[in-house]
Amino acid sequence: MTPGDVEILEHLAFNAWPALRVVVQGGWILRFADGYTKRANSVNALRHETGGQAGALERRIDDAAALYARQDVPCVFRLSPLMDPGVDAALAGRGFTRIDETIVMRAALSGAPAPGGVEIAAARSSAWSRGYMAFNGVPPALQTVHDRMLGAIVPEAGFATAMDAAGATAAFGLGVVEARHVGLFDIVSDPAKRRAGHGRRVVEGLMTWGRSRGATHAYLQVAATNARAITLYDALGFAEAYRYHYRVPPA
């Protein structure tokens, strides 16, 4: 995948999972969302950079760190292939820990029919938010921040709910369509009903929904350690596009 292709998917994902506040510093975008999720609270590259001078990169890191300190949240860096490799080296030298390697996967959308038992709403309901937060184990105190982020999505979004055979809620997911792509985010199943195919039905339902909105491709992000999910996505036609990881400051 070329840097230009990576840039497209990165920008789509920024729009699909918005921060509450952003600051652009040169070729970086600093995202802030009251500390909820690293994706929305991290320094990211907007365009491909390489060969930066060590002194200049150190100053840029200092400038970013100062803004995160003002917001009283850790200065986390999300290092995609667009980020100058010198930044990763500089952060390692400062004692920043590398964590959470993540794979971005992409698939061409086929004409497969929509699975049964999946409803996709154009607007987020309070029941969707409460159920999603419960399945994900997110503290209730953070639901307001989460809902504000979802309310800030500008492209068309689809809020998916999968039901089990008894009609009870079994899984949730979010799809966001822009530029002929549908991004799939935070697919989560009821912990008591996992490994029953509910998450797969959410993914298939959102892929079908995205195709009906003009998307030709789907993309998603998955932890590199989540072998079960990667196997599922492989079976659905997804392939690795690129990887990223985070650097978090020393305690």
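Scroll up to find the structure this text is about.
Because the structure is predicted, anything quoted here is derived from the model rather than measured.

## Some thoughts on the overall build of the chain
Scanning the chain for helices and strands turns up 7 helices and 11 strands. A globule of 251 residues ought to have a C-alpha radius of gyration of about 18 Å, and the chain, at 18 Å, matches this closely. Considering only C-alpha atoms, the chain reaches an extent of 60 × 40 × 30 Å along its principal axes. Split into buried and exposed, the 251 residues of the chain put 47% on the buried side. Sequence-distant contacts in the chain: of pairs separated by 6 or more residues, those separated by 24 or more amount to 70%. Surface summary for the chain: the accessible area is close to 11400 Å², and the carbon and sulfur share equals 53%.

## Structural notes on the pattern of salt bridges
In the structure shown here, the tally under the stated rule is 15 salt bridges. Two residues, Glu156 and Arg213, come together in a salt bridge whose shortest N-O distance is 3.0 Å. With a gap of 57 residues between them, Glu156 in strand S7 (residues 156-163) and Arg213 in the loop between helix H6 (198-212) and strand S10 (217-223) connect regions that are remote in the sequence. Note on Glu156: relative accessible area 38%, which makes it partly exposed.

Cut-offs applied
- Residues numbered from 1 in each chain as written.
- Predicted model: local features only at pLDDT ≥ 70, side-chain atom pairs only at ≥ 80, totals over all residues.
- Heavy atoms only, no water.
- Helix = DSSP H or I, 4+ residues; strand = E, 2+ residues; numbered from the N terminus.
- Rg over C-alpha atoms; globule rule 2.2 N^0.38 Å.
- Buried < 20%, exposed > 50% of the residue type's maximum accessible area, 1.4 Å probe, protein only.
- Contact = heavy atoms within 4.5 Å.
- Areas by Shrake-Rupley, 256 points an atom, 1.4 Å probe, with all protein chains shown as cover.
- Salt bridge = Lys/Arg side-chain N within 4 Å of Asp/Glu carboxyl O.

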